[in-house]
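These are the residues of each chain, in order.
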Amino acid sequence: MSGNIKTFKQLINNTEVICRVNFNGYPKGMFEQDWHIFQMVNSGTWRDPSQWPTEYRERLKAYKEAEIYFRDDIHDKIRQDVKPDSSYRQYQDVCAKLVARYVFYLVAHDMKTIIEGLERTWVKIIIKDRQEIECYAFHDEVSSLADQCYIQLSGQFLLGRVYAPWLYKARIDASVIDRTVSHEMQHQVECVRGLYEREYKMQDKIKRFMRIHPNQWLGCMSQLYGIFCNIYTEGLATFINRRYGARIIFDLPKIEKHMELLEKIAKTPDKEKSIRIYEDEFRPTFYNGEYYVGYLMCCTIGINLLRQKPGRFKAVHILHPKDEWISFKDLDRFLHEHKVVQIEFLDQETFNQTYTLLTKINDQREFIRLYTRACDELGLTWPAKFYDFKFFDHLKRLATKYYERYSRVIEKKYEND
Ligand SMILES: [Zn+2]
């Protein structure tokens, strides 16, 4: 069994960091089946879903969800009859080494806080089947402790994003790997700061309340509360993993739609229904929902820091609809006029200052306060400024109001019985 576990150690600022990559959840047989699928799909043999053999259908779906279904660059290599030797052992070696390298790099740079005051810390990367973890990466905040970070990664994701490009093209999808690992590691930073502890306490409270009052209305409350927390934690994690991204996209119609969906969730007393709205409409993809909303809030706080700097930052660099510089005081008018605007991402120094500022705060209320102040100082108005305490309270009031109405209906129902 131990052959499936790779261990790497590095001393960083007097802390021994041990990164363990465990492949037990993605064994040889599974890898070989997926590797076969990868060959068949990328050679073009199974390109069209109608050509998929029935016995592979479920696994092929997992492929598609990991965004590694078909790659032109690898298809070209296979067509040129490039046939490198591959093996499960090699897959493990390549992926484990690479993931450990990213982990050490992050701990030594952006995420030093997770080793502060520790003699030793563990980062445990668990490789699993994509179908089992239902996403390609996540930080397991329930198992993680201050000195134990648990991250689960999909085996197919590594196969398609690291191993196959390494084998065929002698390179990997570095930006995707960096984005993924840094996003999940950021959750460990939050875990160390005790953020999840607070979230779980609140969710426990909600759950306890639901046991005493078994009506379903609180279902939407817990959904809503989860979103409130995620706006900060997922927003910040997205802000980190997009730190080398070139642009910030302000999409006002998307923002409006998202805020309407939040209201819709707050008006839905039925738990199952509110979950469905959340999963199907609010957060169908990674660039939506609390990820997008929270990320934009972080960016706005950063843009306001930029405004306060002397010299060359007196204006905002617009990349789309066309390349131009506009003054900060014209930003709101410009956003409303063009609706979808791309702005150059923050320079490294401003990014670092924003990040430092954001990690000093401890809950979403402080986050909202910081964001609201940034908007006001930048002169942003709805929907460029889309979130504040008024809206936060409005959502909670809506949820409560619908609860009252709903409970009256229930009372009536019992009266009639
Ligand atoms: Zn996340």
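Computed from a predicted model, the values in this text were never measured in an experiment.

Asks: So what exactly am I meant to see when it comes to the overall build of the protein here?
Replies: For the protein, the helix and strand inventory stands at 16 helices and nine strands. Taken across its 417 residues, the protein has 36% of its residues classed as buried.

Asks: Can you walk me through the sheet that holds strand β9 (residues 340–344) in this structure?
Replies: As a general point, the strands of a sheet are linked pairwise by backbone hydrogen bonds and lie either parallel or antiparallel. Across the sheet, four strands lie side by side as β6-β9-β7-β8; this open sheet has antiparallel pairing. A single partner strand is all that each edge strand has here, and the edge strands are β6 (247–251) and β8 (324–327). Strand-to-strand, the axes of this sheet are offset by a mean angle of 40°, without reference to chain direction. As judged from the five bridges shared by β6 and β9, these two strands associate in the antiparallel manner. In the strand pairing of β9, Asp251 is matched with Val340. Docked against the sheet, helix α13 (residues 331–338) engages β6, β7 (315–320), β8 and β9, running at close to 135° with respect to β9.

Asks: Explain the pairing of strand β5 (residues 148–154) to me, please; I cannot follow it from the model alone.
Replies: Remember that side chains alternate between the two faces of the sheet whenever the strand is regular. In terms of burial, β5 is largely enclosed, as six of its seven residues are buried. Across seven bridges, strand β3 (residues 120–128) lies against β5 in parallel orientation. Across the sheet, residue Lys124 finds its bridge partner in β5, namely Tyr150. The pairing of strand β4 (residues 137–139) with β5 spans three bridges and is classified as antiparallel. The partner of Phe138 across the bridge, within β5, is Gln152.

Asks: Could you clarify how one ought to interpret unusual backbone geometry in this entry?
Replies: As a rule of thumb, non-glycine residues mostly have phi less than zero, and peptide bonds are mostly trans rather than cis. Cis rather than trans, the peptide bond between His320 and Pro321 has omega equal to 10°. Following the sequence through the fold, Pro321 ends up in the loop between β7 and β8. Along the chain, Trp382 connects to Pro383 via a cis peptide bond; the corresponding omega equals -5°. Within the secondary structure, Pro383 sits in the loop between α15 (364–378) and α16 (389–416). One non-glycine residue, Asn13, lies in positive phi territory at about 45°. With respect to the helices, strands and loops of the structure, Asn13 is situated in the loop between β1 (5–12) and β2 (15–25).

Asks: What's the story with helix α6 (residues 155–169) in this structure? I'm lost.
Replies: Structurally, the α-helix is built with 3.6 residues per turn, so residues lying three or four positions apart point the same way. The end-to-end C-alpha distance of α6, which contains 15 residues, comes to 20 Å, matching closely the 21 Å that a straight helix rising 1.5 Å per residue would cover. Its axis deflected by about 35° at Tyr163, α6 carries its strongest bend there, up to four residues before the proline Pro165. Counting buried residues in α6 gives 11 out of 15 residues, a clear majority hidden from the surface. Following α6 by one or two positions, Ala170 has its phi on the positive side, about 55°.

Asks: Honestly, the sheet that holds β5 in this entry has me stumped. Any pointers?
Replies: Pairing is mixed across the open sheet formed by five strands, whose spatial order is β1-β2-β3-β5-β4. Strands at the two margins of the open sheet, each flanked by one partner only, are β1 and β4. Between one strand axis and the next, the sheet turns by 15° as a mean value, whatever way the strands run. By the bridge criterion, eight bridges tie β1 to β2 in an arrangement that is antiparallel. Bridge pairing in β2 links Phe8 to Cys19.

Asks: What should I look at first to understand the environment of Gly235 in this one?
Replies: Relative to the assigned elements, Gly235 resides in helix α9 (residues 218–241). Between the alpha carbons of Gly235 and Glu290 there is a distance of 6.4 Å; along the sequence they are 55 residues apart. Setting aside anything within four residues of it in sequence, one finds Gly235 in contact with Glu290, Tyr291, Val293, Gly294, Tyr295, Met297 and Cys298.

Asks: When you look at the nonpolar core in this model, what are you seeing that I'm missing?
Replies: Burial of nonpolar side chains together is a common tendency in soluble globular proteins. Counting 52 residues, the largest nonpolar core has Leu224, Met297, Cys298 and Tyr371 as the members making the most contacts within it. Top contributing element to this core by residue count: α9, with 12 residues. Apart from the residues lying within four places of it in its own chain, the contact partners of Tyr371 are Met297, Thr300, Ile301 and Tyr387.

Asks: Sorry if this is basic, but what is going on with the confidence of the model for the protein here?
Replies: Predicted coordinates in areas of low pLDDT are best not read in detail. The share of residues in the protein with pLDDT of 70 or more is 87%, and the mean pLDDT across the chain is 86. When the elements of the protein are averaged for pLDDT, helix α8 (residues 195–212) gives the smallest value, 64, and α13 the largest, 97. Low confidence marks residues 413–417, where pLDDT is under 50. Its contacts with residues over four positions away, or in another chain, come to zero contacts.

Parameters at a glance
- Residues numbered from 1 in each chain as written.
- Predicted model: local features only at pLDDT ≥ 70, side-chain atom pairs only at ≥ 80, totals over all residues.
- Helix = DSSP H or I, 4+ residues; strand = E, 2+ residues; numbered from the N terminus.
- Buried ≥ 20, exposed ≤ 12 C-beta atoms within 10 Å, placed from the backbone.
- Pairing = 2+ DSSP bridges.
- Axes fitted to C-alpha atoms, helices over the stretch in contact; angles between N-to-C directions.
- Contact = placed C-beta atoms within 7 Å.
- Expected span 1.5 Å × (residues − 1).
- Bend = angle between axes of the 7 residues up to and from the residue.
- Core = buried A, V, L, I, M, F, W, Y, C linked by C-beta atoms within 7 Å.
- pLDDT = per-residue confidence, 0-100.

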